[in-house]
Amino acid sequence: MLTDRTSPETPETGAGPGTAAVATARPDPVPFGPGSILWEEVGLYMSAVAGNSAFILQAMHPAIGTVVDQLSSFRSDPVGRAQRSFASVQTWVYGGQEAINEGRRLREMHKPLSAVDEEGVRHHALSADPWAWVHLTGFYAAVTVARSFSPSTLTPEREQQLFDEFMNLGRILQVPERMLPATIADFWEYFDRMVADTLVPHRVALEVLDRMDKVPPTVPAALRPLLAPLSLTTGRLARFITTGTLPPGAREKLGLSWTARDERRLRAFGQVLGRVVPVLPERLQYMPIAYRARQAARAQERLRAVLETRPM
């Protein structure tokens, strides 16, 4: 029998992370700009190192895994899907007013998306619980990158600023206010509860892990033998980083092994990245949208300085 566990505008759980189930006014979202942590870090190629673990955590949510399994192009066009996802994420932070528009566009795009799982339960992409989980795994990934791959220490003050910025980002993405944790402690309580009680070893998560060292299916047949060694090498590194940046509870559910030696290797790799990346030219550090936005912001600041000192 087909049942409908969720509806597009109703959360699966009665309350948001660490909050009571009460109506909460939504502050207006504010576009990001220079001076924010997300402006400095989201556009870095290095920020993508924990991106796969965030996607795995999302795919382990039964509702998200089901919708992705049946409606996503991650099998037929994995490279294109990744490019579109990264472009959207970059727009959230570097798009100015366009970030607000992008949040609305994503909501509209996901409104009609629903799928029925093997138990006959229909899941909606816009249900509050999975919509919030997709966003909040980003905070987990950002903290993980800062702790494991950054040359500087993630101080409590910086972590609080990062948290506040992610809550603002949640409002850009129109996550229901009741689903946003009030404090960092509320977030980690919510996150641990989700990993322990909600996430499952969904076949999409397992399939993504398995495909990491495979040549994408969109690559022409003539080129596949040439790219296979590169895919194998980079894919194994990606799987290693993904496994290491997952929380232990998620690794256990997925049947992934992780040893103390693996942890030492990951930390050593993170230290190398943390030292090398900051000395690279900005063009090599940042993805295209972020790089252009940063250039434009500096040009605007130079123009403002000239206007402020012009003869009157």
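Residues numbered from 1 in each chain as written. Predicted model: local features only at pLDDT ≥ 70, side-chain atom pairs only at ≥ 80, totals over all residues. Heavy atoms only, no water.

Considerations on the pairing of strand β3 (residues 121-124)
Thought 1: Sheet topology places strand β2 (residues 114-116) next to β3; three bridges connect them, and they run antiparallel. In the strand pairing of β3, alanine 115 is matched with histidine 123.
Thought 2: What sits between β2 and β3 in their antiparallel hairpin is a turn of four residues, with glycine 120 showing a positive phi close to 85°. (Pairing = 2+ DSSP bridges. Helix = DSSP H or I, 4+ residues; strand = E, 2+ residues; numbered from the N terminus.)

A word on the packing of aromatic side chains
Thought 1: As enumerated under the stated definition, the model contains 14 aromatic pairs in all.
Thought 2: Both rings, one in tryptophan 133 and one in tyrosine 190, keep their centres 5.9 Å apart while their planes meet at 70°; by these two values the pair is edge-to-face. Of this pair, tryptophan 133 sits in helix α6 (residues 128-149) while tyrosine 190 sits in helix α8 (residues 184-197), and the two are 57 residues apart along the sequence.
Thought 3: Given a relative accessible area of 2%, tyrosine 190 falls into the buried group.
Thought 4: Where phenylalanine 139 meets tryptophan 188, the ring centres are 6.4 Å apart and the plane angle is 50°; that geometry is what we call tilted. Of this pair, phenylalanine 139 sits in helix α6 while tryptophan 188 sits in helix α8, placing them 49 residues apart in sequence.
Thought 5: According to the relative accessible area criterion, phenylalanine 139 is buried, its value standing at 0%.
Thought 6: Pairwise contacts between aromatic rings join Trp133, Phe139, Tyr140, Phe163, Phe166, Phe187, Trp188, Tyr190 and Phe191 into one cluster.
Thought 7: One Lys or Arg, arginine 265, reaches over the ring of phenylalanine 240 and ends 4.7 Å from the middle of that ring. (Phe/Tyr/Trp six-rings, centres within 6.5 Å; stacked < 30°, edge-to-face > 60°. Buried < 20%, exposed > 50% of the residue type's maximum accessible area, 1.4 Å probe, protein only. Lys NZ or Arg CZ within 6 Å of the ring centre and 35° of its normal.)

Describing the confidence of the model for the chain
Thought 1: Across the chain, the average pLDDT comes to 88, with 92% of residues at or above 70.
Thought 2: Every residue in residues 1-15 is under pLDDT 50, and counting partners more than four places away or in other chains gives 45 contacts. (pLDDT = per-residue confidence, 0-100. Contact = heavy atoms within 4.5 Å.)

Quick word on the environment of glutamate 41
Thought 1: With respect to the secondary-structure elements, glutamate 41 resides in helix α1 (residues 37-41).
Thought 2: Judged by its relative accessible area of 25%, glutamate 41 falls in the partly exposed class.
Thought 3: The sequence separation of glutamate 41 and glutamate 282 amounts to 241 residues, and the corresponding C-alpha distance is 12 Å.
Thought 4: In this structure the side chain of glutamate 41 is engaged in a polar contact, spanning 2.8 Å, whose partner is the side chain of arginine 158. (Polar contact = N/O pair within 3.5 Å; in protein donor to acceptor, adjacent residues only side chain to side chain.)

Digging into the packing of helix α4 (residues 78-94) against helix α14 (residues 288-308)
Thought 1: Where α4 contacts α14, the axes come no closer than 9 Å and their chain directions differ by 20°. By the criterion of interaxial angle, the relationship of α4 to α14 is roughly parallel. Where α4 crosses over α14, the handedness of that crossing is right-handed. Each of Ala87, Gln90, Thr91 and Tyr94 in α4 lies in contact with α14, whose residues at this interface are Ile289, Ala290, Ala293 and Arg294.
Thought 2: The class makeup of the residues in the contact of α4 with α14 is five nonpolar, two polar and one charged. (Axes fitted to C-alpha atoms, helices over the stretch in contact; angles between N-to-C directions. Parallel < 35°, antiparallel > 145°, perpendicular 65-115°, else oblique. Left-handed = near helix turned anticlockwise from the far one by under 90°. Nonpolar A, V, L, I, M, F, W, Y, C, P; charged D, E, K, R; others polar.)

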